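Spelled out from the first residue to the last, the chains are:
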Number of protein chains: 2
Amino acid sequence: MTKRVGVIGGGQLARMMIAPASELGLEIRVLAEQDGMSAKLAATQIGDYTDLATVREFVKDVDVVTFDHEHVPQEVLRALVADGVEVHPGPDALQYAQDKLVMRAKLAEAGAPQPDWAGVATRDELQAFLDDHGGRAVVKTPRGGYDGKGVRVIGSAEEADDWFAAFEGERILVEELVDFRRELAQQVARRKSGEMVVYPVVESVQKDGVCAEVFAPAPGASERAIEVAAQIGTQIAESLGVTGMLAVELFETSDERLLVNELAMRPHNSGHWTQDGAVTSQFEQHLRAVCDLPLGATDTLRDAACMINILGGPEGADIDERFGVAMQAHPTAKIHTYGKASRPGRKVGHINVAGDDLDDAVYTARAAAAFFA
Amino acid sequence: MTKRVGVIGGGQLARMMIAPASELGLEIRVLAEQDGMSAKLAATQIGDYTDLATVREFVKDVDVVTFDHEHVPQEVLRALVADGVEVHPGPDALQYAQDKLVMRAKLAEAGAPQPDWAGVATRDELQAFLDDHGGRAVVKTPRGGYDGKGVRVIGSAEEADDWFAAFEGERILVEELVDFRRELAQQVARRKSGEMVVYPVVESVQKDGVCAEVFAPAPGASERAIEVAAQIGTQIAESLGVTGMLAVELFETSDERLLVNELAMRPHNSGHWTQDGAVTSQFEQHLRAVCDLPLGATDTLRDAACMINILGGPEGADIDERFGVAMQAHPTAKIHTYGKASRPGRKVGHINVAGDDLDDAVYTARAAAAFFA
């Protein structure tokens, strides 16, 4: 029997599951937030994922439910599970990707390496943390942040006053400002049975809080660093009971430590390179994992790969025309488009280049990306 | 503006265009022969492709029309072109893939190397050809043959009597029985502008007239053989005015010649390996070519690749269960399923394995395919 996978959320991550679903012989159905979204080809329903009745209607005809994002409320997820629906990742795991305070507490319990942190409810508590950490720190809203939103570097506790007001009665997360050399990301896939596979750790370059470029595998990473990153990834996947893809964003500190920055329990921007650089892409792997199918090999196809995000240019720019020009100039560049209207800073696609020399791959990817600057 | 591609025919070739269309940002729509076919995810209309009104209805909302097969009648194609519809490949090119006698005459005119052949209308004409060619030959119905159907090896003219009766008044094609060492296949993509790219020539192994295995690149092929195959391919693509993918099936003779056996103007079974073994798959390349987008690189990702077809086992066999077992045993095997019910001998999927050693790739692919035997 063909398995039917229901994806909640109609963005580009759902869209990029369509290709492998088709080849794997899975029937994919998407609950999209609105008409005409990235994953429209597979959208069988338009509706509000925070509304239990809507989600119940959607899951009626699917065998397993997974996600394009982490925003489905816990009460909706738990109601589905109580109904007997297969939800992957399940609410118990997903809560750690939904609330950063809950995540920090769980990672502490699991002994995963992370920056110093605290949950603070008042300006005084925050100031005490600042005083203990050289006067500067990062504050984060526990929920709803993405692409740099909900994250702020502060030098005094007053700079978070608006958040204390907005999240009255709740704690906000404060973390030490880590002295890091670069950011890495570790992709892990885990099945219900506990079977896991890891991808090689990659370097991820952020610009203005948004992932800009990824180099895979992380250039110059020692064998031991690769092992440690993989261990951190599998330990977290296991401790948190993740099913599907897990992305662990890591700081590589100036004193050779790896500290967990953020988690995502779905295909993640730092794993897009796998579409053209690995035997099994993260999108295929996520589908395999959530459908409890055997996991695929994570070997790289070439020695190196580079991914660059295409951020929307001027409002209304004809992005399709630029894709054509970039393709003409760079036949080895694999351009992935999201079918989204161009808006400044909006992720509208990405470019993957795989090759036997990282510098060559980066050069090509940047040259292709320049057509969208 | 997003280009809308209309594919006539709902089989696995249309299905396998869905994945790259989604990534390229093309909107794909399929006119399927019936409900529930391989390409059902993109099927926007069910109907008869030999009926002009049906096809006109379908093409109304697309920017370019292409095909899953060669069976759309010339009169339908020519009516579309007269309506101003972009049809790729166009009827002028497609006629050579639709009628083997027309193809042989055109290749003769173009000077492409091919077996001795003749169009014969009577038993006497056929016997004369046999007498000139050692008493044995291959007869082919000019139209409608596929996967070994419409092809027969004969030792006397009477063995074609039923065809003369069935195709009364028309000629049938007779070809010399070529003494060949193996069969090769050359993939070429050509745009309207004339831009072309070639894939490395591959070896294709047929069983009972059906493609069984493909080795890419053709093992042991000399540099000169690779060049000659590519030249034959590009010369034919140009002479025939092909737009899209062209597959040229070749005999490698015992005396080191390459002779054209058959042509297909679409993605072809001998090119499925490109999905996991080349920078640009033949399905993506076909879409690029018919949409007049720049062509992608045809470089191989690894040194070698092997493709094995999965032919349906016993009626009603649970093919999905077997896919799971094969995936479990062979994580580097890429299994592509067509969403078709299993019937003996029916192509229901294929397995690609790429690697740096052909023997290893073949071993893995055969071991994975054995689960379907």
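Residues numbered from 1 in each chain as written. Chains lettered and ligands numbered in written order. Predicted model: local features only at pLDDT ≥ 70, side-chain atom pairs only at ≥ 80, totals over all residues. Heavy atoms only, no water.

For chain A, the name recorded in an unreviewed UniProt entry is N5-carboxyaminoimidazole ribonucleotide synthase, with Microbacterium sorbitolivorans as its organism. Turning to chain A, the UniProt record has this under Sequence similarities (unreviewed entry): "Belongs to the PurK/PurT family." Its UniProt record gives chain A a comment under Catalytic activity (unreviewed entry), which states: "5-amino-1-(5-phospho-beta-D-ribosyl)imidazole + hydrogencarbonate + ATP = 5-carboxyamino-1-(5-phospho-D-ribosyl)imidazole + ADP + phosphate + 2 H(+)". (UniProt positions renumbered as here; feature names shortened; annotations may be inferred.)

Each helix and strand counted, chain A has 12 helices and 17 strands in total. Here chain A holds 373 residues, and 60% of them are scored as buried. Here the contacts in chain A between residues at least 6 apart in sequence split such that 62% fall between residues at least 24 apart. When the accessible surface of chain A is summed, it comes to about 14200 Å², and 48% of that surface belongs to carbon and sulfur atoms. (Helix = DSSP H or I, 4+ residues; strand = E, 2+ residues; numbered from the N terminus. Buried < 20%, exposed > 50% of the residue type's maximum accessible area, 1.4 Å probe, protein only. Contact = heavy atoms within 4.5 Å. Areas by Shrake-Rupley, 256 points an atom, 1.4 Å probe, with all protein chains shown as cover.)

The next point concerns the relation of the copies chain A and chain B. Both copies of the chain are placed relative to one another by a rotation about an axis and a shift along it. For the pair chain A and chain B, the relating rotation is 180°, the translation along its axis is 0.0 Å, and the fit reaches an RMSD of 0.0 Å. The operation mapping one copy onto its partner corresponds to a two-fold rotation axis. Residue Ala19(A), judged by its C-alpha, is the member of chain A lying nearest the rotation axis, at 2.0 Å. (Least-squares fit on C-alpha atoms with pLDDT ≥ 70 in both.)

So, about the sheet that holds strand β1 (residues 4-8) of chain A. Hydrogen bonds between backbone atoms are what pair the strands of a sheet, whose relative direction is either parallel or antiparallel. Residue and element names in this part refer to chain A. Judged by pairing direction, the sheet is parallel, and its four strands sit side by side in the order β3-β2-β1-β4 without closing on themselves. Only two strands of the sheet have a single neighbouring strand rather than two, namely β3 (43-46) and β4 (64-67). If you compare each strand with its neighbour and ignore which way they point, the axes differ by 25° on average. Note: β1 against strand β2 (residues 27-32), five bridges, orientation parallel. For Arg-4, the partnering residue across the bridge sits in β2 and is Glu-27. The sheet contacts of helix α2 (residues 52-59) involve β1, β2, β3 and β4, and relative to β2 the element is tilted by about 165°. (Pairing = 2+ DSSP bridges. Axes fitted to C-alpha atoms, helices over the stretch in contact; angles between N-to-C directions.)

Take the nonpolar core next. Among the nonpolar cores identified, the biggest contains 86 residues, and Leu26(A), Ile351(A), Leu26(B) and Ile351(B) are the most heavily contacted of them. Apart from residues lying up to four places away in sequence, Ile351(B) is in contact with Cys306(B), Met307(B), Ile308(B), Ile310(B), Ala333(B), Lys334(B), Ile335(B), Ala365(B), Ala368(B), Ala369(B) and Phe372(B). (Core = buried A, V, L, I, M, F, W, Y, C linked by side-chain atoms within 4.5 Å.)

A word on the interface of chain A and chain B. One frequent convention defines the size of an interface as the accessible area lost when the parts assemble. The interface of chain A with chain B comprises 39 residues on the first partner and 39 residues on the second. For the pair chain A and chain B, the summed buried surface comes to about 3300 Å²; carbon and sulfur atoms form 49% of the total. The interface formed by chain A and chain B contains two salt bridges. One salt bridge connects Lys334(B) with Glu284(A), and the closest N-O pair in it is separated by 2.7 Å. Here chain A is connected to chain B by 18 residue pairs in polar contact (both at pLDDT 80 or more). Sorting the residues of the side of chain A that touches chain B by element identifies α1 (12-24), α10 (282-290), α11 (319-329) and β16 (334-337) of chain A as the ones contributing at least two each. (Buried area = accessible area lost by both parts, 1.4 Å probe. Salt bridge = Lys/Arg side-chain N within 4 Å of Asp/Glu carboxyl O. Polar contact = N/O pair within 3.5 Å; in protein donor to acceptor, adjacent residues only side chain to side chain.)

Residue and element names in this part refer to chain A. Domain assignment breaks chain A into domain 1 (4-87), domain 2 (116-176) and domain 3 (180-372). The C-alpha-based centres of domain 1 and domain 3 are spaced at 23 Å. Taken residue by residue, the interface counts 19 residues in domain 1 and 21 residues in domain 3. Both faces combined, the contact of domain 1 with domain 3 buries some 1700 Å², and carbon together with sulfur accounts for 64% of it. On the domain 1 side of the interface with domain 3, the three residues burying the most area are Gln-12, Leu-13 and Met-16, jointly 29% of the side's total. Run the count over domain 1 and domain 3 and you get two salt bridges. The salt bridge partner of Glu-70 is Arg-266, with a shortest N-O separation of 3.0 Å. Summed over the shared surface of domain 1 and domain 3, the number is seven residue pairs in polar contact (both at pLDDT 80 or more). Contributions of two or more residues to the side of domain 1 that touches domain 3 are made by α1 and β4. Along the lines of polarity and charge, the residues of the side of domain 1 that touches domain 3 split into 10 nonpolar, four polar and five charged. (Domains from an automatic or database assignment. Nonpolar A, V, L, I, M, F, W, Y, C, P; charged D, E, K, R; others polar.)

Before going further, it helps to spend a moment on the side chain of Arg191(A). With respect to the secondary-structure elements, Arg191(A) resides in the loop between β9 (180-190) and β10 (196-198). At 3.4 Å, the side chain of Arg191(A) forms a polar contact with the side chain of Gln328(B). Not counting residues within four places of it along the chain, the set of residues in contact with Arg191(A) comprises Thr243(A), Ala289(A), Asp292(A), Leu293(A), Pro294(A), Leu295(A) and Gln328(B).

Turning our attention to the UniProt feature "binding site: ATP" (unreviewed entry) in chain A. All names here are of chain A. Using the residue numbers shown here, the UniProt feature "binding site: ATP" (unreviewed entry) corresponds to Lys-100, Lys-140, Glu-175, Glu-176, Leu-177, Val-178, Glu-183, Asn-261 and Glu-262. Assignment of secondary structure puts Leu-177 in the loop between β8 (172-176) and β9. Setting aside residues no more than four positions away along its own chain, Leu-177 makes contact with Arg-136, Ala-137, Val-138 and Val-153. Mapped onto the elements, Asn-261 comes out in strand β14 (residues 258-264). Sequence-distant contacts of Asn-261, that is, excluding residues within four places in its chain, are made with Met-103, Arg-104, Lys-140, Glu-175, Glu-183, Glu-249, Leu-250 and Phe-251. Reaching out from Asn-261, the side chain makes a polar contact with the side chain of Lys-140 at a distance of 3.2 Å.

Our next topic: the packing of aromatic side chains. The tally for this structure, following the rule as stated, stands at six aromatic pairs over all chains. Where Tyr199(A) meets Trp273(A), the ring centres are 6.4 Å apart and the plane angle is 85°; that geometry is what we call edge-to-face. With Tyr199(A) in the loop between β10 and β11 (202-207) and Trp273(A) in the loop between β14 and α9 (274-277), this residue pair connects regions lying 74 residues apart in the sequence. Tyr199(A) gets classed as buried once you look at its relative accessible area, which sits at 2%. A residue is classified by how much of its surface remains accessible, and Trp273(A), at 2% relative accessible area, is buried. Between the aromatic rings of Phe323(A) and Phe372(A), the centroid separation amounts to 5.0 Å while the plane-to-plane angle is 55°, which identifies the pairing as tilted. Of the two residues, Phe323(A) sits in helix α11 while Phe372(A) sits in the segment after α12 (358-369), which places them 49 residues apart along the sequence. Exposure class is identical for Phe323(A) and Phe372(A). Each is buried. Against the face of Trp163(B) rests Arg152(B), its NZ or CZ located 4.4 Å from the ring centre. (Phe/Tyr/Trp six-rings, centres within 6.5 Å; stacked < 30°, edge-to-face > 60°. Lys NZ or Arg CZ within 6 Å of the ring centre and 35° of its normal.)

This paragraph deals with the pairing of strand β15 (residues 304-311) of chain B. All names here are of chain B. With seven of eight residues buried, β15 lies mostly within the body of the structure. Here four bridges tie strand β12 (residues 210-216) to β15, and the two strands are oriented antiparallel to one another. In the sheet register, Ala-216 faces β15, and the bridge partner there is Ala-305. Here β15 pairs with strand β17 (residues 347-355) via eight bridges, running antiparallel. For Met-307, the partnering residue across the bridge sits in β17 and is Asn-352.

Attention now moves to the environment of Glu284(B). Topologically, Glu284(B) is positioned in helix α10 (residues 282-290). Given the relative accessible area of 11%, Glu284(B) is considered buried. For the pair formed by Glu284(B) and Leu41(B), sequence separation is 243 residues and the distance between their alpha carbons is 17 Å. Excluding residues within four positions of it along the chain, Glu284(B) makes contact with Lys334(A), Pro20(B) and Leu24(B).

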